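Chain by chain, the residues run as shown.
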Amino acid sequence: MAIERTLSIIKPDGLKNHHIGEIISRFEKAGLTPVAIRLQQLSQKEAEGFYAVHSARGFFKDLVSFMTSGPVVVMALEGENAVLKNRDLMGATDPKKADKGTIRADFAQSIDANTVHGSDSLENAKNEIAYFFRETEIQKY
Ligand code: UDP
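Residues numbered from 1 in each chain as written. Predicted model: local features only at pLDDT ≥ 70, side-chain atom pairs only at ≥ 80, totals over all residues. Heavy atoms only, no water.

- An unreviewed UniProt entry lists the protein under the name Nucleoside diphosphate kinase, with Corallococcus carmarthensis as the source organism.
- Looking at the protein in UniProt, the text filed under Subcellular location (unreviewed entry) is "Cytoplasm". (UniProt positions renumbered as here; feature names shortened; annotations may be inferred.)

Thoughts on the site of the ligand
Right, so step 1: Around the ligand lies a shell formed by K11, H54, F59, L63, R87, T93, R104, I111, D112 and N114.
Right, so step 2: I111 places a polar main-chain atom, nitrogen or oxygen, 3.2 Å from an oxygen atom of the ligand.
Right, so step 3: One nitrogen or oxygen atom from the main chain of D112 is found 3.5 Å from an oxygen atom belonging to the ligand.
Right, so step 4: Its residues placed into classes, the shell around the ligand shows 3 nonpolar, 3 polar and 4 charged. (Near = heavy atom within 4 Å. Polar contact = N/O pair within 3.5 Å; in protein donor to acceptor, adjacent residues only side chain to side chain. Nonpolar A, V, L, I, M, F, W, Y, C, P; charged D, E, K, R; others polar.)

What to know about helix α2 (residues 20-29)
Residues spaced three or four apart along an α-helix face the same direction, because each turn holds 3.6 residues.
Right, so step 1: Among the residues of α2, those classed as buried are I23, I24, R26 and F27. One side of α2 carries all its buried residues, which in axial view fall inside an arc of 150°. Residues of α2 that are exposed and angled more than 90 degrees away from the buried face: G21, E28 and K29.
Right, so step 2: Looking at the residues trailing α2, positive phi occurs at G31, about 85°. (Buried < 20%, exposed > 50% of the residue type's maximum accessible area, 1.4 Å probe, protein only. Helix = DSSP H or I, 4+ residues; strand = E, 2+ residues; numbered from the N terminus. Arc of directions from axis to C-beta.)

Side note on the sheet that holds strand β1 (residues 3-10)
Sheets are built from strands paired through backbone hydrogen bonds, the pairs being either parallel or antiparallel.
Right, so step 1: The strand order β2-β3-β1-β4 describes an open sheet built from 4 strands, whose pairing is antiparallel. Because the sheet does not close on itself, it has two edges, and the strands there are β2 (33-40) and β4 (116-118). Neighbour-to-neighbour, the strand axes of the sheet open up by a mean angle of 20°, direction not taken into account. (Pairing = 2+ DSSP bridges. Axes fitted to C-alpha atoms, helices over the stretch in contact; angles between N-to-C directions.)

As structure tokens, then:
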């Protein structure tokens, strides 16, 4: 299987509820290694740019407002089949529909405050990692 990189974001609710450690632990146990990591407050512009694909959707304004309501953790995760593996660990967008044992089923409150973001394709992963990290910020170990 191919070694891939994917972008993960722990959203403001994940930080406010003190789940950073447990979420990263799940990634590491599943063979997804954080190769770049930063805790940061997104500006409105950064959040709007990141979610530009959803700009015409009814939930866009609330999504941007939620994503800027507190700091987030942005990470590049590396491992075998990283894009799909991360999506499996996250669970469905709506935590009520997420499989038991997934991050969203265990920690998320609602479809808007759903604790984590994860790239949904290898192509998006490349663009999303480049949105947050320079190549020199990505480490090998
Ligand atoms: N979202 C929302 N309401 C909706 C659909 C999506 O608030 O009806 C938010 C939710 O936080 C989701 C994000 O918009 O994580 C991006 O939506 P997408 O469909 O890409 O879901 P994801 O890839 O995050 O599972």
